[in-house]
Each structure stands twice: as structure tokens, then as C-alpha cells.
Protein chains: 2
Amino acid sequence: MRLTSKGRYAVMALVDLAKFNDINPVSLRDISLRQGISLDYLEQIFSKLRKKAIVQSVRGNQGGYVLNKKANEIKLTNIFDAVDEKVKTVQCKKESKKGCNGKPTKCLTHNLWDELENHINDFFEKKSLEDLIKDNIERRI
Amino acid sequence: MRLTSKGRYAVMALVDLAKFNDINPVSLRDISLRQGISLDYLEQIFSKLRKKAIVQSVRGNQGGYVLNKKANEIKLTNIFDAVDEKVKTVQCKKESKKGCNGKPTKCLTHNLWDELENHINDFFEKKSLEDLIKDNIERRI
DNA sequence: TATATACTTGACTAAATTAGTCAGGTTTAT
DNA sequence: ATAAACCTGACTAATTTAGTCAAGTATATA
Ligand code: FES
Ligand code: FES
């Protein structure tokens, strides 16, 4: 089980953005330099974030991105959902009544993986961008 | 984030095995047939489980595998550890003092991923094979 | 209005990982 | 003797990841 860098970068970039959010739009170039993330990759990520209304873009010179909601309204869930970082613990298609390995019934462990998935999603549901920023400031002091 | 099939199969197979454990050694062939997992793949998995003393092998005709500990002493953590299914949320090497992306310090989100990792591992730490079997029997009734 | 800055899009690719397969053993109960 | 079962290591196809690259479009400001 590993977190992909797309999800990791999305959160990193948003924390960075949130810190400067009130002053000016933040350019991806700045985030790229500060966080060491490829600009092209950031563009992919922010395109998705914009489509899900997590950020807003400001075009033109001195443009960049701004948060589209308050930091406490943006949960990790929303971010991961936007960049298609999804938690997948089961083998079978969730909706289908068929189990994994082509069997007609659910496998012995299906329930367990469902529980695990919920357990993980709980974590994402609870953490907001605001929490992360606070945590970050505290650590600096 | 996705669970790999190696981890998933390891648990499936052990639940299956645990159900017949008291009667006879359980052959991988039987598990393979019942659970729809390739025999060759099961052999890889059980080789690892045996090396970590989770199961014991009984050779020869009518042989197979038996649990090496009581079901309530086998945690998911032990199983995943044995088959190298590990939870990896951070980018950086944990031990090294260097952060990710070649930076000298930890990134903005390192703490968060650490928390996440602990959160997930808690789940694995709490669940034992016995829990799974009980859960399985309950669902049948 | 020229132009630099910044966003936007889509296609492409190298590397890594996963999910096995395959071949050729060795051991032991009957 | 022999068949059932375990054991080992190498190999591979498919998938996923983590980006790169090329070619734009939009707009603030001098
Ligand atoms: S994981 Fe859903 S049936 Fe096996
Ligand atoms: S994840 Fe550890 S420094 Fe970025």
C-alpha cells in the first residue's frame, strides 16, 4: 500500500498555496521552486483541482492560483478525490454483486478490506487544510 | 493507495487455513481451488509465511500447512510484514535526515503522512486472524 | 498594442511495480 | 516405487506511476 506522488504533491502544493493565499495569487512557478515539484506536473494537478472547484485561477501577468474555499472547508478527501488518488482495498468491483476471482460470492476477506477502507477514509475526512497549516506553524515555533 | 493482491491473498489463504487447521494439515492445492488463487503464487506466499514462523509445513503425502501460533496471536501486521506488504506513505527515506525531493529538510506534509501511516498500522495491529474467523462465522449465520 | 508571464491541454514515455507463470527440483507417507 | 506435496529461483506481461514535452491560449501591464 503506497501513497502516490500525485496525491502527496497535491497536498504539499495546497499547503504552500494556503500560506500565501491572502496576499496574492500564487504562481505555480513559485510553488514549483519552493517545493521542488516539476512545473509541468503541477499544471496537471492544478488543472484537476480547478475543475473540482478547490482552487481558482487568475490569469495574466502576476496571476496564479487562489483557494476557492476557506481552508477549513477543504478536507483531504476533497483533494484526493480531485486528483484521483483513491483508496482501493478490495479486488472486486464494489458495485457488482460478483466477488473477486470470478466467484459468485464475496471472498472471505471482503468485509475486512471494506473496514480498512473506511478506516483510512475517516482519516482523510477529518483532516482539513487548515489543520495542516496550523500544524505546520506550530512545528516552526 | 491500493492494497496489493499478495497481501490480500495471504490473509484470504490464512483464514481458509485456520478454518480447517484443527483437523488436518491443509494443502495449498485445496486452498488454491477453494479461493481461486494460483497454486504457484500461493507457494511463494506460504514460503514467506513459513520463514516468519506464521505457519508450519507438513511434508509428504497428505501433508500441507498448519498454523504455527494460535489464531488470536496472529495479527494482520504479522501477516503483512511476512509477505512484504508494507504501508508506505512518505516519499523520503524514513531514517535519513534528508527530506524528499533532495531538500535538506522534511517537506511540509511529512508529519501528515506519518500520522496516516500510524493510523493505518493501528488497524492492522488490532485485527487478529481469530477476529476474522469469528466475523466470517457470524456472517454465515 | 507588444510582450512577457502564466495558465491550459493532450500526447507521449521511461521506469517501477505487480501479479503472476514456468521449470525443475526435493521430501516423505503409503 | 511413486505420487502427493512442498520448495526455489528465474522470468515475463501487463499495469501503473511519475513524470516530460510540445504547442498552444489568455491577460495584466508597460
Ligand atoms: S475483495 Fe470483494 S470479494 Fe474479494
Ligand atoms: S515525505 Fe518525508 S520529507 Fe516529504
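Each remark here, short or long, concerns the structure printed above.
Quick caveat, the model's predicted, so the values are computed rather than measured.

(A) A look at the overall build of chain A. Helix and strand counts for chain A come out as 6 helices and 2 strands. Ordered by position in the sequence, the α and β elements of chain A form the string α-α-α-β-β-α-α-α. At 18 Å, chain A has a C-alpha radius of gyration far larger than the 14 Å of a compact globule built from 141 residues. C-alpha atoms of chain A, sized along the principal axes, occupy 60 × 35 × 25 Å. Across chain A, the fraction of contacts at a sequence separation of at least 24, relative to all contacts at a separation of at least 6, is 62%. Accessible surface, chain A: about 7,700 Å² in total, of which carbon and sulfur atoms supply 47%. Of the side-chain charges in chain A, 27 are positive and 19 negative, and the distance between the mean point of each set is 5 Å.

(B) The packing of aromatic side chains, seen in detail. Taken as a whole and assessed by the stated rule, the structure comprises 10 aromatic pairs over all chains. Judged by centre distance (5.8 Å) and plane angle (85°), the rings of A:Tyr9 and A:Tyr41 are edge-to-face. Remark: A:Tyr41 occurs in helix 3 (residues 39–51) and A:Tyr9 occurs in helix 1 (residues 5–20); sequence separation between them is 32 residues. The exposure class of A:Tyr41 is partly exposed, given its relative accessible area of 25%. Consider the rings of B:Phe123 and B:Phe124, whose centres lie 6.1 Å apart with planes at 75°: the pair is edge-to-face. Aromatic rings pair up to connect A:Phe80, A:Phe123, A:Phe124 and B:Trp113 into one cluster. Geometry around B:Phe20 places B:Arg34 over its ring, the cationic atom sitting 4.2 Å from the centre.

(C) Broad picture of the protein's contact with DNA strand C. Not every one of the 27 residues close to DNA strand C is listed here, only the nearest: A:Glu43, A:Gly64, A:Tyr65, B:Ser38 and B:Gln44. Contact between DNA strand C and B:Ser5: a phosphate oxygen at 2.9 Å from a main-chain N or O atom of the residue. For the surface near DNA strand C, the secondary-structure elements that each account for two or more residues are helix 3 and strand 2 (64–67) of chain A together with helix 1 (5–20) and helix 3 (39–51) of chain B. Here the element with the most residues in the surface near DNA strand C is helix 3 of chain A; it accounts for 4 residues.

(D) Seen up close, unusual backbone geometry. All names here are of chain A. The backbone of glutamine 62 sits at a positive phi, close to 65°, despite the residue not being glycine. By the secondary structure assignment, glutamine 62 is in the loop between strand 1 (55–58) and strand 2. For glutamine 62, a relative accessible area of 68% corresponds to the exposed category.

(E) The relation of the copies chain A and chain B, seen in detail. Each copy of the sequence occupies a distinct position, and chain A is placed on chain B by a rotation of 180° and an axial shift of 0.0 Å, giving an RMSD of 0.0 Å. The relationship between the two copies is best expressed as a two-fold rotation axis. When C-alpha distances to the rotation axis are compared across chain A, the minimum falls at A:Met1, with a value of 2.8 Å. Both copies present the same face, since 100% of the interface residues in chain A are matched by interface residues at the equivalent positions in chain B.

Calculation rules
- Residues numbered from 1 in each chain as written.
- Chains lettered and ligands numbered in written order.
- Predicted model: local features only at pLDDT ≥ 70, side-chain atom pairs only at ≥ 80, totals over all residues.
- Heavy atoms only, no water.
- Helix = DSSP H or I, 4+ residues; strand = E, 2+ residues; numbered from the N terminus.
- Rg over C-alpha atoms; globule rule 2.2 N^0.38 Å.
- Contact = heavy atoms within 4.5 Å.
- Areas by Shrake-Rupley, 256 points an atom, 1.4 Å probe, with all protein chains shown as cover.
- Lys, Arg positive; Asp, Glu negative; His and termini not counted.
- Charge placed at Lys NZ, Arg CZ, Asp CG, Glu CD.
- Phe/Tyr/Trp six-rings, centres within 6.5 Å; stacked < 30°, edge-to-face > 60°.
- Buried < 20%, exposed > 50% of the residue type's maximum accessible area, 1.4 Å probe, protein only.
- Lys NZ or Arg CZ within 6 Å of the ring centre and 35° of its normal.
- Near = heavy atom within 4 Å.
- Polar contact = N/O pair within 3.5 Å; in protein donor to acceptor, adjacent residues only side chain to side chain.
- Least-squares fit on C-alpha atoms with pLDDT ≥ 70 in both.

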